[in-house]
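Coordinate analysis (summary)
Spelled out from the first residue to the last, the chains are:
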Amino acid sequence: MNNQQSSDSNEFVGNLKNGIWLFGVSSWVFGITDRSIASFSDGYLSALDLTQLFTAATFFVAWIFLKPVKV
């Protein structure tokens with residue numbers, strides 16, 4: 001009985017981690033898309049626009065590497 005509860009809770013935690021990671025991926029994609037549209041809407045890129053895009057892209061790549069592994 002106790003082993004079954006442990007297995008169920010491990011599965012729940014794994015699904016929760018994966019769900020949070022997927023939500024983060026979609027949030028980062030939305031953020032990068034939003035920044036890109038805002039940056040290109042005026043017709044030229046400033047240094048601040050490039051810095052913001054580079055920072056967002058760097059954090060997105062880091063988030064990709066944080067993907068939880070199934071145990």
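Preceding this paragraph is the structure being described.
Criteria and thresholds
Residues numbered from 1 in each chain as written. Predicted model: local features only at pLDDT ≥ 70, side-chain atom pairs only at ≥ 80, totals over all residues. Heavy atoms only, no water. Patch = residues over 30% accessible without salt bridge, like charges linked within 9 Å, V, L, I, M, F, W, Y side chains within 5 Å. Areas by Shrake-Rupley, 256 points an atom, 1.4 Å probe, with all protein chains shown as cover. Salt bridge = Lys/Arg side-chain N within 4 Å of Asp/Glu carboxyl O. Helix = DSSP H or I, 4+ residues; strand = E, 2+ residues; numbered from the N terminus. Buried < 20%, exposed > 50% of the residue type's maximum accessible area, 1.4 Å probe, protein only. Contact = heavy atoms within 4.5 Å.

1. Structural notes on a nonpolar patch on the surface
- A cluster of nonpolar side chains, contributed by F12, V13, L16 and I20, occupies part of the molecular surface with about 380 Å² of accessible area.
- Summarising the element assignment, F12 is placed in helix α1 (residues 2–40).

2. Focus: the environment of A38
- With respect to the secondary-structure elements, A38 resides in helix α1.
- Residues A38 and D49 lie 11 residues apart in sequence; the distance between their C-alpha atoms is 8.6 Å.

3. Side note on the side chain of S39
- Topologically, S39 is positioned in helix α1.
- Taking the relative accessible area as the measure of exposure, S39 reaches 0% and is therefore buried.
- Apart from residues no more than four positions distant in its own chain, S39 is found in contact with Y44, L45, D49 and L53.

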